Amino acid sequence: MFDPKDLYELADDASELPDPVLLYHFDGFVDAGGAGRLALGHLLAELEHRVVATFDVDRLLDYRSRRPIMTFDTDRWVECENPELAVHAAKDSTGTQFLVMSGPEPDREWELFTKAVSDLVARLKVSKLVTMHGIPMAVPHTRPLGITMHASRPELINAQTSAFGRVQVPGSVAALLELRLGAQGNDALGYAVHVPHYLAQAEYPTAAVTALEAVTRGTGLVFPTESLREAARRTNTEIEEQIQASAELSTAIKGLEQQYDAFAEGTERENLMAETTPMPTGDELAAQFERFLAERDDE
């Protein structure tokens with residue numbers, strides 16, 4: 001039997017944390033707009049932090065599926081950007097300590113990795129686990145972004161109703177952690193931010209802001225977000241400029257706005273499908289954006 005403790009190394013001062021919340025996100029699974037990656041990346045960039053645990057990526061990653069970047073200089077190799085999957089300790093704007101676990105999603109040994117995280121959660125006395133990511137939805141960027149919440153106990157999300165029924169989707173380590181640790185009695189919850197499908201492949205800071213706001217409501221942690229909000233304002237301005245320059249895009253966005261507003265007002269789904277404005281699919285709208293951006297590059 002493999003020992004899950006062999007998968008990670010714990011820092012000597014890790015036990016000093018007072019029942020922290022653990023925020024986590026792994027690169028590699030669906031993350032429309034980079035919502036989860038941008039959110040946790042922003043926290044690590046803005047806040048002082050220290051590493052309290054590191055995982056053995058040599059055992060967890062398939063290097064041939066995502067090769068690390070190496071630098072060749074003239075006649076020799078001089079650098080290799082080794083991937084890191086680690087847990088960092090930081091303090092929010094009020095001085096409350098919390099943890100951030102981030103890095104590439106493991107390619108192998110998911111169950112053993114889950115047991116390793118469970119062991120870490122017990123040793124660090126984690127009070128709650130929280131994950132976040134973005135999912136593409138047929139919504140316009142001109143309206144507030146929605147969120148689908150999920151948790152190991154309904155009480156953690158105030159038993160909020162969901163737009164989804166029972167579905168089967170490809171799994172992820174983040175979801176497996178919530179499932180396994182929740183079954184063990186840990187509090188675990190997640191936020192899936194609804195990102196406009198035509199922006200799913202781009203970095204969309206507004207989605208990261210929405211994710212962090214949800215984390216604040218769910219945990220009480222307070223984060224500095226002004227620089228992230230400024231990046232969101234710049235991005236939205238650029239998006240508006242692109243849309244205003246294309247009649248085709250403007251028409252498509254107006255159609256999405258009509259659909260969103262009608263749904264928000266409680267209109268029956270049959271009436272939504274009867275809109276006179278033809279609705280493009282996500283692929284069609286994304287393709288329109290790509291063509292428009294290519295034309296701008298050519299100019």
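This is a predicted model, so every value here is computed, not measured. (Residues numbered from 1 in each chain as written. Predicted model: local features only at pLDDT ≥ 70, side-chain atom pairs only at ≥ 80, totals over all residues. Heavy atoms only, no water.)

## Quick look at the overall build of the protein
Note the following rule: Only runs of H or I of at least four residues qualify as helices and only runs of E of at least two qualify as strands under DSSP, and these elements are numbered from the N terminus. The buried label goes to any residue with under 20% of its type's maximum accessible area, the exposed label to any with over 50%, and the partly exposed label to all in between, with areas taken from a 1.4 Å probe on protein chains only. Whether two residues are in contact is decided by their heavy atoms, any of which lying within 4.5 Å being enough. Computed with the Shrake-Rupley method and a 1.4 Å probe, the accessible areas treat only the protein chains shown as cover for residues.
Scanning the protein from N- to C-terminus turns up nine helices and 10 strands. A total of 299 residues make up the protein; the buried ones form 45% of that total. For the protein, restricting intrachain contacts to residue pairs at least 6 apart in sequence, the fraction spanning at least 24 positions comes to 80%. Summed over all atoms, the accessible surface of the protein reaches about 16400 Å², with 49% contributed by carbon and sulfur.

## Let's talk about the packing of aromatic side chains
As a reminder, the rule being used: Put simply, two rings from Phe, Tyr or Trp (the six-membered ring, in Trp's case) pair if the centres are within 6.5 Å, and we call them stacked under 30 degrees between planes, edge-to-face over 60, tilted for the rest.
All told, the structure shown has six aromatic pairs when counted by the stated rule. Arranged with centres 5.9 Å apart and planes meeting at 45°, the rings of Tyr 24 and Phe 26 form a pair that is tilted. As far as burial versus exposure is concerned, Tyr 24 and Phe 26 are alike and both buried. Seen from their ring centres, Phe 55 and Phe 113 are 5.0 Å apart, and the 55° between their planes marks the pair as tilted. Of this pair, Phe 55 sits in strand β3 (residues 49-55) while Phe 113 sits in helix α3 (residues 110-123), and the two are 58 residues apart along the sequence. Each member of the aromatic cluster is reached from another via a ring pair, and the members are Tyr 8, Tyr 24, Phe 26, Phe 55 and Phe 113.

## So, the packing of helix α5 (residues 205-219) against helix α6 (residues 226-244)
Rules: Whenever a helix is involved, its axis is fitted only over the stretch in contact; in every case the axis is a line through C-alpha atoms, and angles between N-to-C directions fall within 0 to 180 degrees. Rotating anticlockwise by less than a right angle from the far helix to the near helix defines a left-handed crossing, while the corresponding clockwise rotation defines a right-handed one. Under the grouping applied here, Gly and all other residues not named as nonpolar or charged are polar, the nonpolar ones being Ala, Val, Leu, Ile, Met, Phe, Trp, Tyr, Cys and Pro and the charged ones Asp, Glu, Lys and Arg.
As a packed pair, α5 and α6 sit with axes 8 Å apart at the nearest point and diverge in direction by 145°. Crossing handedness for the pair α5 and α6: left-handed. Facing Pro 205, Thr 206, Ala 208, Val 209, Leu 212 and Glu 213 of α5, the residues of α6 in contact are Leu 228, Arg 229, Ala 231, Ala 232, Thr 235 and Asn 236. For the contact of α5 with α6, the per-class residue count stands at seven nonpolar, three polar and two charged.

## Re the pairing of strand β4 (residues 70-73)
Convention followed: Whether two strands pair depends on DSSP finding at least two bridges between them.
With four bridges connecting them, β4 and strand β5 (residues 76-80) associate as antiparallel partners. What sits directly across from Thr 71, in β5, is Glu 79.

## Overview of the packing of helix α1 (residues 35-46) against α5
Definition in use: When an angle is under 35 degrees it counts as roughly parallel; over 145 it counts as roughly antiparallel; between 65 and 115 it counts as roughly perpendicular; any other value is oblique.
Two elements in contact, α1 and α5, have axes separated by 8 Å at closest approach and are oriented at 70°. Comparing their axes, α5 and α1 come out roughly perpendicular. Seen from α1, the contacting residues are Ala 35, Leu 38, Ala 39, His 42 and Leu 43; seen from α5, they are Pro 205, Ala 207, Ala 208 and Leu 212. Considering only residue class, the contact of α1 with α5 consists of eight nonpolar, one polar and no charged.

## Comments concerning unusual backbone geometry
When glycine is set aside, most residues are seen to have a negative phi, and most peptide bonds are trans. A positive phi is found at Asp 19, a non-glycine position, where the angle reads about 45°. Residue placement: Asp 19 occurs in the loop between β1 (8-10) and β2 (21-27). Unlike most non-glycine residues, Thr 74 shows phi in positive territory, near 65°. For Thr 74, the location among the structural elements is in the loop between β4 and β5.

## Concerning the side chain of Ser 172
What counts here: N or O atoms within 3.5 Å of each other form a polar contact, as long as, within protein, one can give a hydrogen and the other can take it, and as long as residues adjacent in sequence are counted only when both atoms are side-chain atoms.
With respect to the helices and strands, the residue Ser 172 is situated in the loop between β9 (147-151) and α4 (173-183). By relative accessible area, which is 5% here, Ser 172 ends up buried. Reaching out from Ser 172, the side chain makes a polar contact with the backbone nitrogen of Ala 175 at a distance of 3.1 Å. What Ser 172 contacts, discounting residues up to four positions off in sequence, is Phe 29, Glu 105 and Trp 110.

## Things to note about the confidence of the model for the protein
The predicted coordinates of low-pLDDT regions are not to be read in fine detail. Convention followed: A score from 0 to 100, pLDDT tells how confident the predictor is in each residue.
Here the protein averages 89 in pLDDT, while 87% of its residues score no lower than 70. Confidence drops under a pLDDT of 50 for residues 267-280, and excluding neighbours within four residues, the segment shows 17 contacts in the predicted structure.

## Digging into the sheet that holds strand β10 (residues 188-196)
With mixed pairing, eight strands are arranged side by side in an open sheet as β1-β3-β6-β7-β2-β8-β10-β9. Each end of this open sheet is capped by a strand with a single partner; those strands are β1 and β9. For this sheet the average axis-to-axis angle between neighbouring strands, irrespective of direction, equals 25°. One ladder, built from six bridges, connects β2 with strand β7 (residues 97-104); its direction is parallel. Each bridged residue has a counterpart across the sheet, and for Phe 26 the counterpart in β7 is Gly 103. Seen against the sheet, α3 touches β1, β2, β3, β6 (86-91), β7 and β8 (128-137) and runs at an angle of roughly 10° to β1. Of the strands in this sheet, β2, β8, β9 and β10 are in contact with α5, which crosses β10 at around 150°.

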